[in-house]
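Here are the chains, one letter per residue:
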Amino acid sequence: MTLFELGRTLWCTCGSRVGITPRVSSPGTTGEKRFLADAMLGRLARWLRILGFDCAYDSEIDDEALVRRAVREDRIILSRDRCLPEDWWVPGIHLVGSQELREQLREIVRSFDLAGSLRLFSRCNQCNHPLQEARKADVSGRVPDRAFSEHDRFLECPSCRRVYWEGSHTRRIRRVVDELLGGLSADTQA
């Protein structure tokens, strides 16, 4: 491994940051945008998944592993760490400005023009895998009795086996999304 692999920088004795720009393309330029949230943005990662976006997250990942994974998997890094773009000169680091979740969501949707790409409830909000239709008989005993009797459509994560259905929480999430998108359209009209 070279000292400046993947755009790592160092402090020079002159007081400047030095390094070389790595030879990696900007992530997310071809096809669907994929994200990697750092340890500070677990709630944002979960909500991006709810909105249907591929957002990897690892609460224990250090900066070097974060950068390596983002480059390897062609992901845009989402971070609140102001030092990250100074320490690592790699394309595709987006510093999230707000500490408030709804503002973070609004910022990401606006910054990456994602409003037309929302696919609510299409990914597991725990492990990020795309959800698949599940037969009602296959989820018997794995969901609350009331949910089983009141619903006919279920989704399942093929990785962690978590089961999802349309409940009262989905109505609340839809209200948040409507508020988010309404705020975005008001921003673009102003």
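A. How the structure looks around the sheet that holds strand E9 (residues 163-164). Read from one edge of the open sheet, three strands run E7-E8-E9, paired in antiparallel fashion. Edge positions in the sheet fall to strand E7 (132-134) and E9, since each has one partner strand and no second. Inspection of the sheet shows E7 paired to strand E8 (residues 154-156) by three bridges, in the antiparallel sense. Counted as the bridge partner of Ala134 is Phe154 from E8.

B. Up close: the pattern of salt bridges. Under the definition given, this model contains 17 salt bridges. Among the salt bridges present, the one from Asp54 reaches Arg34, with a minimum N-O distance of 3.1 Å. Here the residue Asp54 occupies a position in the loop between helix H1 (42-50) and strand E4 (55-57), and Arg34 occupies one in the loop between strand E2 (17-18) and strand E3 (35-37), the gap between them amounting to 20 residues. What makes Arg34 partly exposed here is its relative accessible area of 27%. Here Arg102 makes a salt bridge to Glu179, at a shortest N to O gap of 2.9 Å. Pair noted here: Arg102 is in helix H4 (residues 101-111) and Glu179 is in helix H7 (residues 168-189), with a separation of 77 residues, a long-range link. Since its relative accessible area comes to 41%, Glu179 is described here as partly exposed.

C. Inspection of empty space enclosed by the protein at higher detail. Inspection of the entire model under this criterion finds one cavity of 30 Å³ or more. For the largest cavity, the calculated volume is near 30 Å³. Taken together, Arg102, Leu105, Arg106, Val176, Glu179 and Leu180 form the lining of the largest cavity. Contributions of two or more residues to the lining of the largest cavity are made by H4 and H7. For the lining of the largest cavity, the residue count by class is three nonpolar, no polar and three charged.

The rules behind the values
Residues numbered from 1 in each chain as written. Predicted model: local features only at pLDDT ≥ 70, side-chain atom pairs only at ≥ 80, totals over all residues. Heavy atoms only, no water. Pairing = 2+ DSSP bridges. Helix = DSSP H or I, 4+ residues; strand = E, 2+ residues; numbered from the N terminus. Salt bridge = Lys/Arg side-chain N within 4 Å of Asp/Glu carboxyl O. Buried < 20%, exposed > 50% of the residue type's maximum accessible area, 1.4 Å probe, protein only. 1 Å grid on protein atoms, 1.4 Å probe; cavity = no way out; pocket = protein on both sides within 12 Å on 5 of 7 lines; lining within 4 Å. Points joined across faces, edges and corners; volume = space filled by probe spheres on them. Nonpolar A, V, L, I, M, F, W, Y, C, P; charged D, E, K, R; others polar.

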